[in-house]
Amino acid sequence: MSGDILLISLAGVLTAAAPVIFAVIGETISERAGIINLSMNGTILLAAMGSFTVALATKSLILGFLAGALIGGFVAAIVAFASVTLRQSQVAVGFVLAVLCRDLSYFLGNPVMGEAGPRLSSSPIPLAASIPILGPLLFRQDVMTYLSILLIPLAWVFVFRTRPGLVLRGIGEKPSAAYVRGANIGRLRYRYAVIGGAIAGLAGPIYSLSVKAGWKGTISGLDGIGWIVLAVTIFGGWNPVRAAFGAYLFSLLQWLGLVLQPAMPGVPAQVLQVAPFPLMILTLLLVNVGNAEWVERSLARLPEPTRRWLSKLLRAMNATPPAALGTPFEDGE
Amino acid sequence: MRDSRGMRAFFQVGGIVFALALTTVVLVASKAPPFAAYLNIALGAFGSWEVFSNVLVSWVPLLLATSGLLLTFTVGLWNIGIEGQITFGAIFATWAMRSLQGGGTDPAFVIMLSILAGALGGILWAMLAGALKTFGGVNEIFGGLGLNFVATAVNLWLIFGPWKRPGIASMSGTVPFDKALWLPTLTAQSRLSPSSIAIAVAGIVLVYVLISGTHFGLRLKAVGRNPRAAYLLGIPTWQYMMTSFAICGAFAGLAGAIQVTAVYHRLIPSISSGYGYLGMMVAMLVNYRAALAAPVALFFAALNVGSIQLPIVLKLDSSLAGVLQGTLVLFVLLAQGAREFFARKGGKR
């Protein structure tokens, strides 16, 4: 493979990862506030269909993207309402919404299926685009890919280096302490669930108006991505930078699956497409196994150099969820 | 406000009315005649014995999936991996069929063995998710989701690779089995087999008895309500979780095996047909109680089969069934929350 083709392919990996990054960072923010938004798979499909329909009708890409964010925020608001106000299981409501929004997108999207709609074009950055290697890789992308790259440090700084970010971590980690310090847990959880949902909702239009432009119903190839997003969020250990790394890893693996296809003619394309999943399970195992008690015990029995090396590796991979994730907060009613 | 039986019913009916209203709004918004759409679904499901027998054909795997899930829900587990467990049941059943057919074994015996092999496949795939959960700390939702994708991949690989039709591999699946090895159906044209109905009914009865009439079920409930307290009381928590995973896997595997031996007579790419996820919706709608599972599963199966004609007759997408099922479950959940909300507000006064 020549260098140019490799560069273009890697640039394509960055583009393909953009929607996953938006969705994963949105989900990370929501889960940091203590709300699991399990509806992701339906949210992305409904946002993709809705934004495509809006962009098609209004001929405006901006309105299309806006519609995607609105849909994502609205679905997240239902999850927040059910869990914060009604104190129902977030997982149950999220799962139902994942299925319901998927079917709703297929039903409502039927009339626009297969229509040619507007598509986001790439906007090379003058001067920077002609830098060798970096130019074709980074600076000939479309606006949303640039934004996805910018979103990573922005989200990290917000979560770990700002005052509202501190409160955000507090309401997911130890809501009672944040409550004593005067934070309105319920309202903040609503706010971050909706903001996270809106950011994740943008993944929809990034697919239907750019990466996989158009709406093709059940064969749009978007069913399943939301579930991957949830797995990558855990892989990311609720840290925007690590989550983005997971998103890039996933896109890279899917691209490798396509590249390796000709080398393995006996293996159907659909099999290589799912190649990242066993790896995802394996990494989830590595990320979580350090929390298990029997691992500590068996580690203690190993000879010293191996033990130190292994426990260091496990600690580096390990991630613990926000302590109050998925639990309702009873503010002394 | 007292949390009486009447209140409960009021909010449940309210949830159902809201769900129907919202689905009607969706229909009107897509410029479809709502009444004609509902009538079409009803006729498509109950209009003739022929279509109703199709409803029963789809009721069997749905009820089996729901029955298994009632056990995992009771112990507090979200076995989303059930789709993969159905697929693996189908794979194992096909494998047993392929290795035994033409070997001179009694056909009835081969069918029985392959259905048992299906149950075994489901158990193995469920235990994998269970082991990831209990020994690896991987949440069963995410382990299960990943395993679903892997099961789909294995299925496709078999259909397009080792088990492909002579000549050309295709999405239509593997070579159909000998006619002698099809699970006997009511009539030659029908796909409805009495024995599969018997298996499904026996399954839900077994689960009902297990949960509400045995010590085992009582302990499952204890683990589901409060695993820590149950553990301190001396209930081996993880064994109970693994056991419920295994039983649910067996039910899912049976569903997959029946799809292979009675309905399709071969392995096809989308063999699980979404019955696993639909089973989760049924279990949620009946609030995880076994008594109502059979009729609600029948209703969901009727919606699915009834909507098949929608694209042809009314130019509507058949996912309308899923929209109606989803809004029903969502609004019944929300209504339950609203009832508790008002009960809390009332209690404070």
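Reading the values: the criteria
Residues numbered from 1 in each chain as written. Chains lettered and ligands numbered in written order. Predicted model: local features only at pLDDT ≥ 70, side-chain atom pairs only at ≥ 80, totals over all residues. Heavy atoms only, no water. Patch = residues over 30% accessible without salt bridge, like charges linked within 9 Å, V, L, I, M, F, W, Y side chains within 5 Å. Areas by Shrake-Rupley, 256 points an atom, 1.4 Å probe, with all protein chains shown as cover. Salt bridge = Lys/Arg side-chain N within 4 Å of Asp/Glu carboxyl O. Helix = DSSP H or I, 4+ residues; strand = E, 2+ residues; numbered from the N terminus. Buried < 20%, exposed > 50% of the residue type's maximum accessible area, 1.4 Å probe, protein only. Phe/Tyr/Trp six-rings, centres within 6.5 Å; stacked < 30°, edge-to-face > 60°. Contact = heavy atoms within 4.5 Å. Buried area = accessible area lost by both parts, 1.4 Å probe. Polar contact = N/O pair within 3.5 Å; in protein donor to acceptor, adjacent residues only side chain to side chain. Nonpolar A, V, L, I, M, F, W, Y, C, P; charged D, E, K, R; others polar. Expected span 1.5 Å × (residues − 1). Axes fitted to C-alpha atoms, helices over the stretch in contact; angles between N-to-C directions. Left-handed = near helix turned anticlockwise from the far one by under 90°.

Q: Would you mind showing me how to read a nonpolar patch on the surface here?
A: Residue and element names in this part refer to chain A. Together, Val143, Leu147, Leu150 and Leu154 make up a nonpolar patch on the protein surface, roughly 360 Å² of accessible area in all. Within the secondary structure layout, Val143 lies in helix α6 (residues 143-161). Judged by relative accessible area, which is 39%, Val143 ranks as partly exposed.

Q: What is the right way to look at the packing of aromatic side chains in this model?
A: One pair of aromatic rings is described through two measures. These are the centre distance and the angle between the planes. Scanning all chains against the criterion turns up 21 aromatic pairs over all chains. Ring geometry for Phe95(A) versus Trp78(B): centroids 6.0 Å apart, planes at 65°, classification edge-to-face. One end of the pair, Phe95(A), is in helix α4 (residues 90-108); the other, Trp78(B), is in the loop between α3 (49-74) and α4 (82-100), on a second chain. The pair formed by Phe95(A) and Trp78(B) is uniform in burial state, with each residue classed as buried. Here the aromatic residues Phe95(A), Trp227(A), Phe73(B), Trp78(B), Tyr277(B) and Tyr288(B) are joined through ring pairs into a cluster of three or more.

Q: Mind showing me how you'd approach the environment of Val96(A) here?
A: You can see Val96(A) is positioned in helix α4. A relative accessible area of 0% places Val96(A) in the buried class. Beyond its immediate sequence surroundings of up to four residues, Val96(A) is in contact with Met281(B), Met284(B), Gly326(B), Val329(B), Leu330(B) and Leu333(B).

Q: Would you mind going over the interface of chain A and chain B with me for this structure?
A: Frequently, the measure chosen for interface size is the accessible area removed from exposure when the parts meet. The interface is formed by 40 residues belonging to chain A together with 49 residues belonging to chain B. Carbon and sulfur atoms supply 80% of the area buried between chain A and chain B, which totals about 3900 Å² over both sides. Ranking the residues of chain A by area buried against chain B places Phe95(A), Phe107(A) and Ile281(A) at the top, with a combined share of 18%. Connecting chain A to chain B are 0 salt bridges. Where chain A packs against chain B, one counts 4 residue pairs in polar contact (both at pLDDT 80 or more). Of all the secondary-structure elements, those providing two or more residues to the side of chain A that touches chain B are α3 (61-85), α4, α11 (225-235), α13 (269-273) and α14 (276-289) of chain A. Considering every element that reaches the side of chain A that touches chain B, the biggest residue donor is α4(A), with 13 residues. For the side of chain A that touches chain B, a count of residues per class yields 31 nonpolar, 6 polar and 3 charged.

Q: What's the story with α4(A) in this structure? I'm lost.
A: Residues and elements named next belong to chain A. Helix length check: α4 (19 residues) gives 26 Å between terminal C-alpha atoms against 27 Å at 1.5 Å per residue, within 8%. The buried fraction of α4 is high, at 17 of 19 residues. Its side-chain oxygen placed 3.4 Å from the backbone nitrogen of Val91, Ser89 serves as the N-cap of α4.

Q: Just checking my understanding: could you explain the packing of helix α5 (residues 107-136) of chain B against helix α6 (residues 140-160) of chain B for this structure?
A: The geometry of a pair of packed helices is captured by two quantities: the angle between their axes and the separation between those axes. All names here are of chain B. Remark: α5 packs on α6, axes separated minimally by 9 Å, with the N-to-C direction vectors making an angle of 145°. Two packed elements cross with a definite hand, and for α5 against α6 that hand is right-handed. Across the interface between the two elements, Trp125, Leu128, Ala129, Leu132 and Lys133 from α5 touch Glu140, Leu147, Val150 and Ala151 from α6. Grouping the constituent residues of the contact of α5 with α6 by class yields 7 nonpolar, no polar and 2 charged.

Such coordinate-based values are descriptive only and should not be taken to indicate function.
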